Amino acid sequence: IGYTCAKSLNESFKKRTLHSYNTHSTSVKSSAPASLTSAECTIHTNVVKSVNTLKRAFMSDPVFNYLVPEMGDREIFIHNFFTLLVSLLPGRVYQYMDFGGVMLWARGTVENVDTMAFITNGGLLNLRFLKWSRILSTILFFDSLENKRNYHLKGATDYYFLMDIGVDPENRGQGYGSTMLDYFVKNHADKEGVPCYLEATTDSSRRLYERHKFVVVETVQVPPNGPKMYLMLRQPVAN
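Described in the following lines is the structure provided in the data block. Since the structure is predicted, the reported quantities are computational estimates derived from the model, not experimental observations.

1. What to know about helix α8 (residues 203–211)
Since one α-helical turn is 3.6 residues long, residues separated by three or four positions face the same way.
Phase 1 of the analysis: What α8 keeps buried is the set S205, R206, L208 and Y209. The buried residues of α8 occupy an angular sector of 160° when the element is viewed end-on, so they sit on one face.
Phase 2 of the analysis: In this fold, the buried residues of α8 make contact with β4 (160–167), α7 (176–192), β5 (196–200), β6 (215–221) and β7 (228–234).

2. What about the environment of E40?
Phase 1 of the analysis: Within the secondary structure layout, E40 lies in the loop between α1 (3–21) and β1 (41–43).
Phase 2 of the analysis: For E40, a relative accessible area of 11% puts it in the buried group.
Phase 3 of the analysis: Sequence separation between E40 and Q95 is 55 residues, and the spatial gap between their C-alpha atoms is 8.2 Å.

3. Regarding the pairing of strand β3 (residues 101–107)
Phase 1 of the analysis: In terms of burial, β3 is a largely internal element, six of the seven residues being buried.
Phase 2 of the analysis: Pairing between strand β2 (residues 93–96) and β3: four bridges, direction antiparallel. Looking at β3, one finds that Y94 is bridged to M103.
Phase 3 of the analysis: Counted along the chain from β2 to the antiparallel partner β3, the turn is four residues long, and its residue M97 has a positive phi close to 55°.
Phase 4 of the analysis: Sheet analysis places β3 next to β4, joined by seven bridges and oriented antiparallel. Opposite G101, over in β4, you have V167 as the bridge partner.

4. Side note on the packing of helix α2 (residues 47–58) against helix α4 (residues 71–88)
Phase 1 of the analysis: Contact pair α2 / α4: the axes reach a minimum separation of 9 Å and the direction vectors enclose 135°. Here α2 lies oblique to α4, going by the angle between them. Where α2 crosses over α4, the handedness of that crossing is right-handed. The segment α2 lies against α4, with V47, S50, V51, L54, K55 and F58 engaging E75, I78, H79, F82, T83, V86 and S87.
Phase 2 of the analysis: The residue inventory of the contact of α2 with α4, partitioned by class, reads seven nonpolar, four polar and two charged.

5. Focus on the pattern of salt bridges
Phase 1 of the analysis: For the structure on display, the rule yields 10 salt bridges.
Phase 2 of the analysis: E192 is the salt-bridge partner of R107, the closest N and O atoms lying 3.0 Å from each other. Taken together, the residues R107 in strand β3 and E192 in helix α7 connect sequence positions 85 residues apart.
Phase 3 of the analysis: Judged by its relative accessible area of 37%, E192 falls in the partly exposed class.
Phase 4 of the analysis: Across the pair R149 and E199 runs a salt bridge, and its minimum N-O distance is 4.0 Å.

What counts and what doesn't
- Residues numbered from 1 in each chain as written.
- Predicted model: local features only at pLDDT ≥ 70, side-chain atom pairs only at ≥ 80, totals over all residues.
- Heavy atoms only, no water.
- Buried < 20%, exposed > 50% of the residue type's maximum accessible area, 1.4 Å probe, protein only.
- Helix = DSSP H or I, 4+ residues; strand = E, 2+ residues; numbered from the N terminus.
- Arc of directions from axis to C-beta.
- Contact = heavy atoms within 4.5 Å.
- Pairing = 2+ DSSP bridges.
- Axes fitted to C-alpha atoms, helices over the stretch in contact; angles between N-to-C directions.
- Parallel < 35°, antiparallel > 145°, perpendicular 65-115°, else oblique.
- Left-handed = near helix turned anticlockwise from the far one by under 90°.
- Nonpolar A, V, L, I, M, F, W, Y, C, P; charged D, E, K, R; others polar.
- Salt bridge = Lys/Arg side-chain N within 4 Å of Asp/Glu carboxyl O.

If you want it as structure tokens, here you go:
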């Protein structure tokens, strides 16, 4: 791609980021209650706070570690990745306990942020942090995940896709992730009778999702010799 095109994509990325950063959100409580409650889980579009939490949460993620081994490059890569993702999903970013945890959900094919959406909205510039020999295989792999999602959902167009959920390392082991998931599946997916889909990157996250009735429908490996990913589906539970 030429310099002019790359510069144009970068400007588009900056404009989207600035737009989301300036968007106001619902009120957020700044101090933790005595016990965790899903009532603290609110929609928020503050890009800076959301990205900071997600960046800290995913710095040790095996997929990011494999794609970008060098820590300095990985930190920039993850920051750019989540800044773009949060910008593309206004109104679908949920924070918990003053950004102790953040999750992003997309609704069906209408809000699906696919590989091409990343590339055409500035994500192309982020590929420079990958090994040149892996760029094409990485794009093709993540593109194939979209086809697998469509297959496992049997072509359904109305579903919730958990793009990412992250808990600040300082808050891990306190039930943040479980509380956020419980809030969403009960107050949205189950009430609306809509299935949920996600891609887990660790055994511990897989076990967390299984406790919330997600089922592994396929296991894949990041090419050429990367970590496993668990494709998981959850059918709505009648109240």
